[in-house]
Amino acid sequence: MTTAIGVLGATSLVGRPLLKSLVAAGTPVVACSRRPPAKQQTGITWCRPHDPPPVSTPITHWIALCPAWVTVDTFAWLVSCGAMRVAAVSSTSVASKRTSPDPAERRLATRLADAEATLVSHAGSTGVTLVLLRPTMIYDGHTDRNIVAIADFARRWGWFPICGPALGLRQPVHANDVADACLAVLEHPAPKPIYTLSGGEPLPFRDMVMQTCLASGLAPRLISLPHGLWRLAAIVGRCLGHAGGATSGTAARMNEDLVFDHTDAAADLGFRPRAFTPASDRLDAPSETVREHA
């Protein structure tokens, strides 16, 4: 593909490896971000959404990596830039958080669902081919807010709280694999309207935590708390600024399977996600046996 590809949300977790792949392939990139970097890079033309198109030729193919509701707000601008096909990233949270005990998580699921429906409507009225991508938990082991948050908590406190046995299955998907799927959508002659992108290795939540810590040279204790106590600890932690995005829904999902089928993505897009590979170079300290306390 030699024509320019537009990337909305280009400085995001998936945007960084995506831009690297495009530049390495010699594909011109129009990268859009509300905060574009001051330093320019060969092969990339930076702009802000809603600015006049930065190139004279139409930008027909776009990858939208920002939250789905931001893509909704920007869709008319994409069309004005010449968009004919848009790969827009959403999330499996549209399903997994729909019945969460936490009201904020239920609102997030509703917001995602509404944004997806609006994008489908906009695409239908403008003749744009829209493909929605729903990844599971995205990580890169270095800058994400999921796996890195686990390692950072364990590093700071020397232990990690789990709710009950925490045996609910997870399928973290690497940011590079999501980036590859986005590119494949643009190249497929007739993609399906929705693809799920899940990781290549289902593993229990507790194992995900243990692998994350060991890869970072940490040897924390996994402390199992009953559901009520975990929720209380999360509330206190948030008040003190130490709990990140932990909610009552987080506790419940530790024992729920969040496994999603990516068969369609594998068949159509050649999607072959890697097994869970948390970063192994965050700390120099040697790892030890992980201890568990019930």
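Residues numbered from 1 in each chain as written. Predicted model: local features only at pLDDT ≥ 70, side-chain atom pairs only at ≥ 80, totals over all residues. Heavy atoms only, no water.

1. Regarding the overall build of the protein chain
Keep this limit in mind: Secondary structure counts use DSSP, requiring at least four H or I residues in a row for a helix and at least two E residues in a row for a strand, with both numbered from the N terminus. When a residue's accessible area, from a 1.4 Å probe over protein chains only, is under 20% of the maximum for its type it is buried; when over 50% it is exposed; and in between it is partly exposed.
From N to C terminus, the protein chain includes 10 helices and 14 strands. A buried classification covers 51% of the 294 residues belonging to the protein chain.

2. Considering the side chain of His188
Stated precisely, the cut-off is as follows: Residues count as neighbours in contact if any of their non-hydrogen atoms are within 4.5 Å of one another.
By the secondary structure assignment, His188 is in the loop between helix 6 (175–187) and strand 11 (194–197). Since its relative accessible area comes to 18%, His188 is described here as buried. In this structure, His188 is in contact with Arg85, Asp268 and Leu269, ignoring residues within four places of it in sequence.

3. Comments concerning the side chain of Ser100
Tracing the sequence through the fold places Ser100 in the loop between helix 3 (93–96) and helix 4 (103–126). Sequence-distant contacts of Ser100, that is, excluding residues within four places in its chain, are made with Glu105, Arg106, Gly249 and Arg253.

4. Some points on the packing of aromatic side chains
Centre-to-centre distance and the angle between the planes together describe a pair of aromatic rings. Note the cut-off: Each Phe, Tyr or Trp ring (for Trp, its six-membered ring) is paired with any other whose centre lies within 6.5 Å, and the angle between the two planes then decides the class: stacked below 30 degrees, edge-to-face above 60, tilted in between.
For the structure shown, the criterion picks out five aromatic pairs. For the pair Trp62 and Trp77, a centre-to-centre distance of 5.5 Å together with 65° between the ring planes defines the contact as edge-to-face. Of this pair, Trp62 sits in strand 4 (residues 61–64) while Trp77 sits in helix 2 (residues 68–80), and the two are 15 residues apart along the sequence. Both residues of the pair, Trp62 and Trp77, belong to the buried class. Three or more aromatic residues link up through ring pairs in this structure, and these residues are Phe153, Trp157, Trp159 and Phe160.

5. Some details on the sheet that holds strand 4
How we decide: Here, a strand pair is defined by DSSP locating no fewer than two bridges between the strands. Axis definition: a line fitted to C-alpha atoms, limited for helices to the stretch in contact. Angles are taken between N-to-C directions and run from 0 to 180 degrees.
Within the open sheet, the seven strands sit side by side as 3-2-1-4-5-6-11. Their pairing is parallel. Every other strand in the sheet has two partners, leaving strand 3 (44–47) and strand 11 as the edge strands with one partner each. Adjacent strand axes in the sheet meet at a mean angle of 20°, parallel and antiparallel pairs treated alike. The pairing of strand 1 (residues 5–8) with strand 4 spans four bridges and is parallel. By the bridge assignment for strand 4, Gly6 is matched with Trp62. Docked against the sheet, helix 1 (residues 15–24) engages strand 1, strand 2 (29–32), strand 3 and strand 4, running at close to 165° with respect to strand 1. Where helix 2 meets the sheet, it contacts strand 1, strand 2, strand 3, strand 4 and strand 5 (85–89), and its direction lies at approximately 165° from that of strand 5.

6. Focus on the nonpolar core
The cut-off we apply is this: Each nonpolar core is a collection of buried residues, namely Ala, Val, Leu, Ile, Met, Phe, Trp, Tyr and Cys, held together in the definition by side-chain atoms within 4.5 Å.
In terms of nonpolar packing, the biggest core is built from 34 residues, with Val7, Leu18, Leu19, Ile63, Leu65 and Leu133 touching the most fellow members. The greatest single-element share of this core, amounting to nine residues, is contributed by helix 6. The contact partners of Leu19, leaving out residues within four places of it in the chain, are Val7, Ala10, Val29, Ala31, Ile44 and Trp46. Core analysis: the second largest hydrophobic core is formed by 26 residues, Val30, Val72, Leu78 and Val94 among them.

7. Digging into the environment of Thr92
Note that Thr92 resides in the loop between strand 5 and helix 3. With residues up to four places along the chain from it excluded, the contact list for Thr92 reads Arg134, Pro135, Thr136, Thr196 and Phe260.

8. Here we look at helix 2
Going by this rule: Helix span is expected to be 1.5 Å times the residue number reduced by one. Here the bend at a residue is taken as the angle between two axes, fitted respectively to the seven residues that end there and the seven that start there.
In this model helix 2 runs 19 Å from its N-terminal to its C-terminal C-alpha over 13 residues, within 8% of the 18 Å that 1.5 Å per residue would give. The sharpest bend along helix 2 reaches about 50° and sits at Thr74. For helix 2, the full list of buried residues reads Ala68, Thr71, Val72, Thr74, Phe75, Trp77 and Leu78. Against the buried residues of helix 2 lie strand 1, strand 2, strand 3, strand 4, strand 5 and helix 4.

9. What to know about the environment of Gly168
In this structure, Gly168 sits in the loop between strand 8 (159–163) and strand 9 (169–170). Expressed as a C-alpha distance, the spacing of Gly168 and Leu258, which sit 90 residues apart in the sequence, is 7.1 Å.

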